[in-house]
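# Analysis of the macromolecular model
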Amino acid sequence: MTLKVTVGEQDGWSVLRVSGEMDLVTSPRVRQRVHDAVADGRRSLVLDLSEVLFCDSSGVGVLIATRRLIRSCRGRLRLILPAQGAVDGSHVNRVLAALGVRRLFEVYPDVAAALDESAAPLSA
């Protein structure tokens, strides 16, 4: 399966929608899109990972590196990891939880919640 990353703007946030598989071959595309957004001056990013069907350690590495990059430029990062998805919930959510790094991220069930400043992130 391939990876697709689309970028949009919504309410002052850059929204990167990722679908497919994040693995050793494909995850550098996500990293590049994040770097492009930051280079363009974007400091508020939402990564919609609700349609990511598989994520290996290289994909997790990209997410952690993205967090580090956004924090270094005093930006904001929010992940979309729905509790229920195409196949029994978000694969990425389960992987992050299993690795013990889920708590590092602000996670929301959908883009609308992530963009709502009054909405609280999901608990880890």
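Our subject in this report is the structure included herewith. Keep in mind it's a predicted model, so treat the numbers as computed, not measured.

Once that is clear, we can look at the sheet that holds strand β1 (residues 3-10). An order of β1-β2-β3-β4-β5 is seen for the five strands of this open sheet, with the pairing classed as mixed. Each edge of the sheet is formed by a strand with only one pairing partner; in this case those strands are β1 and β5 (106-108). When the angles between neighbouring strand axes are averaged without regard to direction, this sheet yields 25 degrees. Inspection of the sheet shows strand β4 (residues 76-80) paired to β5 by three bridges, in the parallel sense. Directly across from Leu-79, in β5, lies its bridge partner Val-107.

This next bit is on the side chain of Ser-58. Its place among the elements puts Ser-58 in helix α2 (residues 57-72). Assessed through its relative accessible area of 17%, Ser-58 is described here as buried. In this structure, Ser-58 is in contact with Asp-23, Leu-24 and Ser-27, ignoring residues within four places of it in sequence.

At Asp-11, a position not held by glycine, the phi torsion is positive, near 50 degrees. Mapped onto the fold, Asp-11 is located in the loop between β1 and β2 (13-22). The phi torsion at Arg-74 lies on the positive side, around 55 degrees, for a residue other than glycine. Considering the arrangement of structural elements, one finds Arg-74 in the loop between α2 and β4.

So, how was this worked out
Residues numbered from 1 in each chain as written. Predicted model: local features only at pLDDT ≥ 70, side-chain atom pairs only at ≥ 80, totals over all residues. Heavy atoms only, no water. Pairing = 2+ DSSP bridges. Helix = DSSP H or I, 4+ residues; strand = E, 2+ residues; numbered from the N terminus. Axes fitted to C-alpha atoms, helices over the stretch in contact; angles between N-to-C directions. Buried < 20%, exposed > 50% of the residue type's maximum accessible area, 1.4 Å probe, protein only. Contact = heavy atoms within 4.5 Å.

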